[in-house]
Amino acid sequence: MLNDLNNSIPEKITLVHSGKDYFSRLERIILESKSEIHIQTYIFDFDATGQKIVKALKEAASRNVKIHILLDGFGSLSFPKEVIDDLSKKGIELRIFSPLFSADSLYIGRRLHHKITVSDAKIALIGGINIADKYHGTSDSLPWLDYAIEINDVNISSSLQELCRDIYFKKRIIRRKKIITFFENSITNCISILQNDWLKRKNEIFKSYINKISLAEKEIVIVSSYFLPGKKLINSLKKASQKGVQIKLILSGISDVPLARRASCHLYSKLLSYNIEIFEWKKSVLHGKAAVIDSQWTTIGSFNLNNLSSYASIEMNVGIDSESFATNYLLHLNEIINQCEKITHESFKINYNLRSKFTNWFSYWTARIIEIMVTYFPQKRFRKLY
């Protein structure tokens, strides 16, 4: 029976890659919508990619589709006000989450970091892909490496639409009921929606990482763009390695935040001493946030392995308990690994001299201090949630 369940999953969920794959799906979902669309994202650039999505949204609005867009005040700071006004005239509702220069709050740490689109309470896209050219790719540059999940299920999509409404309309008490999972029975829960919003006492993604890593028996493969985990996660990886679990980290060889990459490099010596394999992706910026454990459990979404995602931002991942899905995704990740540069003890000694190590150390503690400042010392943090 378990095999039957796993075989039926691909009809409900689909792995989506950054680039044309993601944006063709997003455009199709918008153009085929009949009643209601919710888009909530960290970055919405008004470049060629953004303009194409805006055009699709206007077309949907002309068919009387209700559209609600929520953009983060920091990530989408460059989104033009005149475009917002134009969308409003077309009947599209757009709100800025936690404006950066709000009179009510100076807190910049709590960001709307999840990336989700829900259409007609029937279909949803969830992942780490923002709306911008860099995630789509151009004629002379590859898209940033990232992933999403397309969900075709009324139960989950309707619950996600309710959640998006709650956030958009600033409901203080967000529904605490667990979003329905596929094939919920005594054998397995094939898919679940995981949320992280520390201020709302939701820590599901981080707990899932810790739990699944502690239970791992064979292999852990993690894709992480801004890898700066705390002691708890590093210790969990260490213990898993000591049990004989093979651990592979796919990290950024090129980053849009050089300080973050340097900070991650500071951890390399320690990670290598735990027999953890490190692979750097250098063909484009790596922006993915995913993991596959024991060829059975997969998570993909917006959650970074750092304190900003754990204790500040609003995040969303999909958790998938499916051997077939995990196996297929691992085939892709192994192709990625084959194109990466492996960091070994020998290459680390050669490429990182005393000066580089000091730069990494300085970057690490600078990044840590920044995380503390924006996460734990906000003004009026507990009074103004949205």
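From a predicted model like this one, the values you see are computed outputs, not experimental measurements.

Novice: Give a description of the overall build of the protein that names residues and reports values.
Specialist: Along the protein, the regular secondary structure elements total 14 helices and 16 strands. Sequence separation of at least 24 residues holds for 80% of the intrachain contacts in the protein that already meet a minimum separation of 6. A total of about 17400 Å² of accessible surface is found on the protein, and carbon and sulfur atoms cover 54% of it.

Novice: Before we move on, can you summarise the sheet that holds strand β12 (residues 277-281) with the specific residues and values?
Specialist: Strand order in the open sheet made by the nine strands is β9-β8-β15-β14-β13-β10-β11-β12-β16, with mixed pairing throughout. Lying at the two open borders of the sheet, with one neighbouring strand each, are β9 (202-203) and β16 (341-343). For strand β10 (residues 219-224) and strand β13 (residues 289-293), the ladder comprises five bridges, and the chain directions are antiparallel. Bridging from a neighbouring strand, valine 223 pairs with alanine 290 of β13. With respect to the sheet, helix α7 (residues 204-215) is in contact with β8 (191-197), β9, β10, β13, β14 (297-301) and β15 (315-321), its orientation differing from that of β8 by roughly 120°.

Novice: Tell me about the pairing of strand β5 (residues 115-119), residues and numbers included.
Specialist: Most of β5 sits inside the fold, with five of its five residues counted as buried. Burial of β5 is two-sided: the residues Lys115, Thr117 and Ser119 facing one way and the residues Ile116 and Val118 facing the other way are all buried. If you look at the hairpin formed by β5 and strand β6 (residues 123-127), you'll find three residues sitting between the two strands, and aspartate 120 has a positive phi there, around 55°.

Novice: Give a description of unusual backbone geometry that names residues and reports values.
Specialist: Positive phi is not limited to glycine here, since aspartate 294 has a value of about 55°. Here aspartate 294 is to be found in the loop between β13 and β14. For serine 295, which is not glycine, the phi torsion reads 50° and is therefore positive. On the secondary structure map, serine 295 appears in the loop between β13 and β14.

Novice: So, the environment of valine 292: which residues are in play, and what are the values?
Specialist: As for its position among the elements, valine 292 is in strand β13. Along the sequence, valine 292 and tyrosine 329 sit 37 residues apart, while their C-alpha atoms lie 8.1 Å from each other. Discounting residues that sit within four places of it in the chain, valine 292 has contacts with Glu219, Ile220, Val221, Trp297, Thr298, Ala326, Tyr329, Leu330 and Leu333.

Novice: Got a sec to walk through the pattern of salt bridges? Specific residues and values, please.
Specialist: In total, this model carries 19 salt bridges according to the counting rule given. One salt bridge connects aspartate 85 with lysine 81, and the closest N-O pair in it is separated by 3.2 Å. Taken as a pair, aspartate 85 and lysine 81 lie in helix α4 (residues 81-89) at a separation of four residues, close to a single helical turn. In this structure lysine 81 comes out as exposed when scored by relative accessible area, which is 59%. Connected through salt bridges with shared partners, the residues Asp21, Arg25, Arg28, Glu32 and Glu150 form a single ionic network.

Novice: Describe the layout of surface pockets, naming the residues involved and giving the relevant values.
Specialist: Size it by volume and the largest pocket reaches roughly 770 Å³. Secondary-structure elements contributing two or more residues to the lining of the largest pocket are α5 (133-136), α9 (258-265), α11 (307-311) and α14 (354-376). Sorting elements by how many residues they give to the lining of the largest pocket places α14 first, with four residues. For the lining of the largest pocket, a count of residues per class yields 16 nonpolar, ten polar and five charged.

Novice: Any details on the sheet that holds strand β3 (residues 66-72)? Residues and values, ideally.
Specialist: The seven strands are arranged β1-β7-β6-β5-β2-β3-β4 in an open sheet whose pairing can be described as mixed. Two strands lie at the open edges of the sheet, namely β1 (13-17) and β4 (93-97), each paired on one side alone. For this sheet, the mean angle separating the axes of adjacent strands, direction not counted, is 10°. In the sheet, strand β2 (residues 36-41) pairs with β3 via six bridges, with the strands oriented parallel. Looking across to β3, one finds that glutamate 36 is bridged to lysine 66. Taken strand by strand, helix α2 (residues 20-32) contacts β1, β2, β5, β6 and β7 (147-152), and its axis lies near 125° from that of β1. Helix α6 (residues 154-168) rests against β2, β3, β4, β5, β6 and β7 of the sheet, and its axis sits at about 65° to β2.

Novice: Tell me about a nonpolar patch on the surface, and please be specific about residues and values.
Specialist: Together, Phe358, Trp361, Phe362 and Trp365 line one region of the surface with nonpolar side chains, adding up to about 470 Å² of accessible area. You can see tryptophan 365 is positioned in helix α14.

Novice: Outline the packing of α2 against helix α3 (residues 48-62), listing residues and values.
Specialist: Running from N to C, α2 and α3 cross one another at 15°; their axes reach a closest spacing of 8 Å. As the angle between them shows, α2 and α3 are arranged roughly parallel. The interaxial crossing formed by α2 with α3 has right-handed handedness. Residues Phe23, Leu26, Glu27, Ile30 and Leu31 of α2 touch α3, and the partners they reach there are Thr49, Lys52, Ile53, Ala56, Leu57, Glu59 and Ala60. When the residues that make up the contact of α2 with α3 are grouped by side-chain class, the tally is eight nonpolar, one polar and three charged.

Rules and cut-offs
- Residues numbered from 1 in each chain as written.
- Predicted model: local features only at pLDDT ≥ 70, side-chain atom pairs only at ≥ 80, totals over all residues.
- Heavy atoms only, no water.
- Helix = DSSP H or I, 4+ residues; strand = E, 2+ residues; numbered from the N terminus.
- Contact = heavy atoms within 4.5 Å.
- Areas by Shrake-Rupley, 256 points an atom, 1.4 Å probe, with all protein chains shown as cover.
- Pairing = 2+ DSSP bridges.
- Axes fitted to C-alpha atoms, helices over the stretch in contact; angles between N-to-C directions.
- Buried < 20%, exposed > 50% of the residue type's maximum accessible area, 1.4 Å probe, protein only.
- Salt bridge = Lys/Arg side-chain N within 4 Å of Asp/Glu carboxyl O.
- 1 Å grid on protein atoms, 1.4 Å probe; cavity = no way out; pocket = protein on both sides within 12 Å on 5 of 7 lines; lining within 4 Å.
- Points joined across faces, edges and corners; volume = space filled by probe spheres on them.
- Nonpolar A, V, L, I, M, F, W, Y, C, P; charged D, E, K, R; others polar.
- Patch = residues over 30% accessible without salt bridge, like charges linked within 9 Å, V, L, I, M, F, W, Y side chains within 5 Å.
- Parallel < 35°, antiparallel > 145°, perpendicular 65-115°, else oblique.
- Left-handed = near helix turned anticlockwise from the far one by under 90°.

Purely geometric numbers; function is a separate question.
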